[in-house]
Every structure is written in structure tokens, then in C-alpha cells.
Amino acid sequence: MHIVVCIKQVPDSAQIRVHPVTNTIMRHGVPAIVNPYDLFSLEEALKLKDQFGGRITVLTMGPPQAEAALRKCISFGADDAILVTDRAFAGADTLATSYALAAAIEQIGKELAVDMVFAGKQTIDGDTAQVGPGIAKRLDLQLLTYVSKIESLDITRRQIVIQRRAEGGVQVLQTKLPALITMLEGTNEMRFATMENMFRAARHKIRIWDRVAAGIDDVGKIGLKGSPTVVSKVFAPKPNARSAEIIECESGEPRDLALTLTGKLFTQHPKLGEAIVKQAAA
Ligand SMILES: Cc1cc2nc3c(=O)[nH]c(=O)nc-3n(C[C@H](O)[C@H](O)[C@H](O)COP(=O)(O)OP(=O)(O)OC[C@H]3O[C@@H](n4cnc5c(N)ncnc54)[C@H](O)[C@@H]3O)c2cc1C
């Protein structure tokens, strides 16, 4: 079984600040990490490899320094890593990013057929959650998003059964491979890197692919040229002007407290009272 896991190097958002004047993100000096959501997918792929054997290739598109993120994934147990990097990719939106990654996965598949692709649910910087589905569409893979559990995998029949979080419940879905899966956060816990894998990661020769190696002929579909999205403005939302209010209640009795609170609530939100009366009458 051959699994490709797409990972993205992102700035550690816990340490990001927004510039008070320009409202742009201040990335300088912010450490880069593997997108945390991608680690849930990588761990799930590693669990499948533990169970069924096979090979895991991690893939990223990014600047040369993204190599560090790939090495981290090797230290967790991935077998191979490919960095797709080229000036021609600069300015890519999610459409162009998913195009480039899909092309690279096709190239990977020429070396060894790909049975499954994993991606994170979303990133913590771009946050669009579009790249995984974009790859699935381009490669005609069965798309399984928000997966909370892989119930079973039958490699011989190439069949997978998963649990997926949906609005109001959990869906159990069965489909055929090849599939693209995005794992839900909190579904597993990334294992520790073993000493052996850490040494392997340090020595591993990360494969660097430019546009041509990634199998891309049409430069009109990558980078800025292939990106119809225009970011017209970036701004930090205004902090909420309303602050907490201390409500005095003379008696301190729970009943009086509840009456004071509901009275206040209905005064501030008169429509709420009308809605409750309507619902009670129905
Ligand atoms: C007009 C425009 C211009 C842009 N220009 C640039 C630019 O010059 N430089 C730049 O760095 N960004 C640029 N971006 C941002 C870039 O488009 C996104 O970072 C990228 O498309 C991924 O989107 P996302 O972060 O929302 O990922 P999501 O869709 O939220 O990611 C979902 C999952 O897809 C996978 N994934 C996402 N991106 C990658 C990747 N690069 N490699 C491997 N797997 C991945 C991961 O598994 C991830 O968890 C630009 C965006 C726009 C709209």
C-alpha cells in the first residue's frame, strides 16, 4: 500500500502578531511548524502502515525551507519526502496549489501506484480547507472529509469504511480506493519520533522537484497566473466593544437572581421574548 500525505509548513500561529498600523501578519521571527491538522492525517497513515505495511511519501509545495517540515515527518516514520518548489509557484491560490500538488501526486504514482492520499482538514494560516478536496477532484479520488475513525480497510477488495463527523451525527461511509482522506482534529495522537527515525530524518535525501519534475507543462495553471483569487483587503476585526456587566441582586436568593437575569435578558433582546411566546403557543 502506498500512501501520500500532503503537509504544509505554516508559521506557528500561537506566536503570530498583527501589525497595529498596517493590519498585516507579522511573520518575521515566527517559528515554522508542520500544520498541526496534517499531523492527525500523518499519524492515521502511519497506523495503517503499522497494520498493513507499505510506504508513506510526504509531499509539500513551498519554499526551500519547507524541507525542515518534511524531515520532521520522516522522523515520525514516513519513508520518503518530496518538496515541490519553483519560483513559478509563487503567488499560488488554492486552485493553483491543488493543481500543482495533484500533478506531483500523478508523478509519484508513476513510480509506485498511490492507493490513498491524506491531507489535513485545513491549515492554521490559509484556513480555507480547499486544497484536499481540490486534489481529490483533479485526480478523481473518492473524497472522505472530517474523518473521525477508519473502521476497516480491505486491501484485497480495495474497500474502506470510515466514520465521518456530520452535522447532527456521525456518518458511516464505505467506498473504494483510491481515496483522499482528511482527518478530524483530536482523532489520534502523534507518536514520538524514535531515535532511529530521527537519525534517518537527518540523513534522508529529500527529493526536490521543480515545475518540470512535478510534471507541469502549463505555466498558466500555476503560481499567480493560475490564481483567480484576489485578496482585496486584509484587516483585523475590531475588538468587541461590549464588556461584561455586573448585575446586582439584593436578596441573593437563586429565584430572585434568575428573575433579575431573565428580566435583563428580555429587556436587551425583546425579540427573544416574542419568539418564546410564539413557540409556547405553537
Ligand atoms: C491570491 C493569493 C496569492 C497567494 N500567494 C501566496 C504566496 O505567494 N506564497 C504563499 O506561500 N502562499 C500564498 N497564498 C496562500 C496559498 O494559496 C495557500 O497557502 C495554499 O493554497 C493553501 O491554502 P490553505 O492554506 O488555505 O490550505 P487548506 O486548503 O486549508 O489546506 C488543507 C490541506 O491541504 C494540504 N495543503 C495545503 N497547502 C499545501 C501545500 N502547499 N503543500 C502540501 N499540502 C498542502 C495540507 O494537508 C492542508 O492541511 C496565496 C493565496 C491567494 C488567495
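Just so we're clear, the structure is a prediction, and the values are computed from it rather than from any experiment.

## Here we look at the domain arrangement of the protein
Taken domain by domain, the protein holds domain 1 (2-226) and domain 2 (244-282). Relative to domain 2, the C-alpha centre of domain 1 lies at a distance of 49 Å.

## Regarding the site of the ligand
Not every one of the 32 residues close to the ligand is listed here, only the nearest: Thr97, Gly120, Gly126, Thr128 and Val131. Broken down by secondary-structure element, the contributors of at least two residues to the shell around the ligand are helix H1 (36-52), strand E6 (55-61), helix H3 (94-111), strand E8 (116-120) and helix H4 (131-139). The residue inventory of the shell around the ligand, partitioned by class, reads twelve nonpolar, 15 polar and five charged.

## Details of helix H2 (residues 67-76)
Counted residue by residue, H2 has eight buried out of ten residues, so it is predominantly covered. Looking at the packing, one finds that the buried side of H2 touches strand E2 (9-11), strand E5 (32-34), H1, E6, strand E7 (80-84) and helix H5 (195-203). Glycine 77 sits one or two residues past H2 and shows a positive phi near 135 degrees.

## Re the nonpolar core
Of all hydrophobic cores here, the largest spans 63 residues; its most connected members are Val5, Cys73, Ala100, Ala104, Val117 and Phe118. Top element by residues in this core is H3. It accounts for nine residues. Leave out the neighbours within four places in its chain, and alanine 104 touches Leu59, Ile82, Val84, Trp209 and Ala214.

## Notes on the environment of glycine 186
With respect to the helices and strands, glycine 186 occurs in the loop between strand E12 (179-183) and H5. For glycine 186, a count of 8 C-beta atoms within 10 Å corresponds to the exposed category. Taking the C-alpha atoms as reference points, glycine 186 and phenylalanine 40, 146 residues apart in sequence, are found 7.3 Å from one another.

## Digging into unusual backbone geometry
Along the chain, leucine 177 connects to proline 178 via a cis peptide bond; the corresponding omega equals 5 degrees. Mapped onto the fold, proline 178 is located in the loop between strand E11 (169-176) and E12. Phi at alanine 129 is positive, roughly 60 degrees, even though this residue is not glycine. Along the chain, the position of alanine 129 falls in the loop between E8 and H4. Residue aspartate 140 is not a glycine yet carries a positive backbone phi of 55 degrees. Positionally, aspartate 140 belongs in the loop between H4 and strand E9 (142-154). Overall, the presence of 9 C-beta atoms within 10 Å leaves aspartate 140 in the exposed class.

## Considerations on the packing of H2 against H5
One can describe the packing of H2 onto H5 by two numbers: an axis separation of 7 Å at closest approach and a directional angle of 150 degrees. The angle between H2 and H5 falls in the class roughly antiparallel. At the point where H2 passes H5, the crossing takes the right-handed sense. When H2 is examined against H5, the residues Arg71, Ile74, Ser75 and Phe76 are found in contact with a partner set consisting of Asn197, Met198, Arg200 and Ala201. Its residues assigned to classes, the contact of H2 with H5 comprises four nonpolar, two polar and two charged.

## Focus: the packing of H3 against H4
Direction vectors running N to C along H3 and H4 enclose 50 degrees, while the axes themselves pass 8 Å from each other. As summarised for this structure, H3 and H4 are arranged oblique, according to the angle between their axes. When the axes of H3 and H4 are compared, the crossing they make is right-handed. Along its contact with H3, which presents Thr94, Leu95, Thr97, Ser98, Tyr99, Leu101, Ala102, Ile105 and Glu106, the element H4 presents Val131, Gly134, Ile135, Arg138 and Leu139. Tallied by class, residues from the contact of H3 with H4 come to eight nonpolar, four polar and two charged.

## Quick word on the environment of arginine 203
Looking at where arginine 203 falls in the secondary structure, it is placed in helix H5. Between the C-alpha atom of arginine 203 and that of arginine 71, which follows or precedes it by 132 residues, the distance is 9.1 Å.

## Here's the deal with the sheet that holds strand E13 (residues 207-209)
Spatial strand order, E11-E10-E9-E12-E8-E1-E6-E7-E13: nine strands in an open sheet with mixed pairing. Single-partner strands in this sheet number two, and they are E11 and E13. Between one strand axis and the next, the sheet turns by 35 degrees as a mean value, whatever way the strands run. On the sheet, H1 packs against strand E1 (2-6), E6, E8, E9 and E12 and is oriented at approximately 150 degrees with respect to E8. Where H3 meets the sheet, its contacts fall on E1, E6, E7, E8 and E13, and the angle it forms with E6 comes to roughly 150 degrees.

Criteria and cut-off values
- Residues numbered from 1 in each chain as written.
- Predicted model: local features only at pLDDT ≥ 70, side-chain atom pairs only at ≥ 80, totals over all residues.
- Domains from an automatic or database assignment.
- Near = placed C-beta within 6 Å.
- Helix = DSSP H or I, 4+ residues; strand = E, 2+ residues; numbered from the N terminus.
- Nonpolar A, V, L, I, M, F, W, Y, C, P; charged D, E, K, R; others polar.
- Buried ≥ 20, exposed ≤ 12 C-beta atoms within 10 Å, placed from the backbone.
- Contact = placed C-beta atoms within 7 Å.
- Core = buried A, V, L, I, M, F, W, Y, C linked by C-beta atoms within 7 Å.
- Axes fitted to C-alpha atoms, helices over the stretch in contact; angles between N-to-C directions.
- Parallel < 35°, antiparallel > 145°, perpendicular 65-115°, else oblique.
- Left-handed = near helix turned anticlockwise from the far one by under 90°.
- Pairing = 2+ DSSP bridges.

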